[in-house]
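Listed here are the chains, written in short residue letters.
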Amino acid sequence: MNPSRESAIAATNWWLENVVIGLNLCPFAKAVHLKNQIRFRVSSARNNTELMNDFQCELQFLMDADPEDVESTLLIHPGVLNDFANYNMFLVECDQTISKLDFEGAIQVASFHPQYQFEGTQMDDVTNYTNRSPYPTLHLLREESVTRAVESFPNVESIYKKNITTLEKLGTASMLALLATQPSTERRTPLNE
């Protein structure tokens, strides 16, 4: 059974605040989150076609939105692409769609999934948690914002290595303990549909 829209947003928001921002896995996330500029959108899609329709709607929404109001979108889709291999194949379709809609150079997609596994790692490798979200999620990012963030951050290549070090020091048991602290309700309401 899929979670309610509110539960999916609450779980994703908690993960963003406590894992991504809390462990400083993405040094760019905190500022836009504090300004409430991240849109949380839950797709009710049950198949790839429905999800692609939602993806295209969110692409257009982000293109039309004022960046001061909406900087990026987390498109959460609990009902489809729960298998990581299928999810990865869908990412190719996402890139093709961005190109077909002439949004190349304007929007890019970052990928998060509960079964995320980097190439060359074991499934239980703690470093995979840098991209493990509560539900399959497509993160739509404005390329202009990514470029600005990268230019303002010295040695952006070090982020990936720092994340590996952070999670290896934390260890799998501590990571799982952190994830187990997720409350069932959230106080903060992020920007959403």
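Here the residue index of a chain counts from 1 through its sequence in written order. The predicted nature of this model means local features are confined to residues of pLDDT at least 70 and side-chain atom pairs, given and counted, to a pLDDT of 80 or more, with totals for whole chains, interfaces and linings taken over all residues. Heavy atoms throughout the structure, all of them, feed into the side-chain values; hydrogens and water do not.

1. A look at the overall build of the protein chain
Of regular secondary structure, the protein chain possesses 6 helices and 5 strands. Secondary structure of the protein chain in N-to-C order comes out as α-α-β-α-β-α-β-β-α-α-β. Across its three principal axes, the protein chain shows a C-alpha extent of roughly 45 × 40 × 40 Å. Buried residues are those whose accessible area, probed at 1.4 Å on protein chains only, stays under 20% of the maximum for their type, while exposed residues exceed 50% and partly exposed ones sit between those limits. The 193 residues of the protein chain split such that 44% are buried. Once local pairs closer than 6 in sequence are excluded, the contacts in the protein chain between residues at least 24 apart make up 76%. Accessible areas in this description were obtained via Shrake-Rupley with a 1.4 Å probe; residue shielding takes into account the shown protein chains only. A total of about 10200 Å² of accessible surface is found on the protein chain, and carbon and sulfur atoms cover 51% of it. Here Asp and Glu are counted as negative and Lys and Arg as positive; His is not counted, and neither are the chain ends. Each charge is placed at NZ for Lys, CZ for Arg, CG for Asp and CD for Glu. Computing the positive centroid from 15 side-chain charges and the negative centroid from 25, the protein chain places the two 7 Å apart. Helix and strand assignments come from DSSP, with helices taken as H or I runs of at least 4 residues and strands as E runs of at least 2, each series counted from the N terminus. Residues count as neighbours in contact if any of their non-hydrogen atoms are within 4.5 Å of one another.

2. Describing helix α3 (residues 48–64)
An expected span of 1.5 Å times one less than the residue number is assigned to each helix. Along its 17 residues, α3 runs 24 Å from first to last C-alpha, staying within 8% of the 24 Å computed at 1.5 Å per residue. Along α3, the residues classified as buried are L51, M52, D54, F55, E58, L59 and L62. Across the axial projection of α3, the buried residues extend over an arc of 160°, all falling on one side. In α3, the exposed positions that point more than 90 degrees away from the buried face belong to T49 and D64. N-cap assignment for α3: the residue whose side-chain oxygen lies 3.1 Å from the backbone N of T49 is N47. Taken from the helix axis, the directions to the C-beta atoms give the arc we talk about. Polar contacts here mean pairs of N or O atoms no more than 3.5 Å apart (in protein, one a potential hydrogen donor and the other a potential acceptor; neighbouring residues in sequence count only if both atoms are side-chain atoms).

3. What to know about the pattern of salt bridges
By definition, a salt bridge exists where a carboxyl oxygen of Asp or Glu is found within 4 Å of a side-chain nitrogen of Lys or Arg. Counted according to the given criterion, the structure contains 5 salt bridges. Between R5 and E6 there is a salt bridge, and its shortest N-O distance comes to 3.3 Å. In this structure R5 comes out as partly exposed when scored by relative accessible area, which is 29%. For D54, the salt bridge goes to R41, with nearest N and O atoms at 3.8 Å. Residue D54 is found in helix α3, and its partner R41 is found in strand β1 (residues 38–42); the two are separated by 13 residues along the sequence. Taking the relative accessible area as the measure of exposure, D54 reaches 15% and is therefore buried.

4. Quick look at the environment of S158
Within the element layout of this structure, S158 appears in helix α6 (residues 158–179). Residues S158 and W15, 143 residues apart in the sequence, show an inter-C-alpha distance of 22 Å.

5. A word on the side chain of N131
You can see N131 is positioned in the loop between β3 (107–112) and β4 (137–142). With residues up to four places along the chain from it excluded, the contact list for N131 reads S111, F112, H113, Y116 and F118.

6. Side note on the packing of aromatic side chains
Aromatic contacts are taken between Phe, Tyr and Trp rings whose centres are within 6.5 Å, Trp giving its six-membered ring; a plane angle under 30 degrees counts as stacked, one over 60 as edge-to-face, and the others as tilted. Within this structure, the stated rule accounts for 5 aromatic pairs. Ring geometry for F84 against Y87: centres 6.2 Å apart, planes inclined by 20°, an arrangement best described as stacked. Of the two residues, F84 and Y87 are both situated in helix α4 (residues 84–100); the distance of 3 residues between them amounts to about one turn of the helix. For the residue pair F84 and Y87, the accessibility class agrees, reading buried in each case. Members of the aromatic cluster, each reached through a chain of ring pairs, are F84, Y87, Y116, F118 and Y160. The lysine or arginine in question, R132, covers the ring of Y129, its NZ or CZ lying 4.8 Å from the ring centre. Criterion for a charge above a ring: Arg CZ or Lys NZ at most 6 Å from the ring centre, at most 35 degrees from the ring normal.

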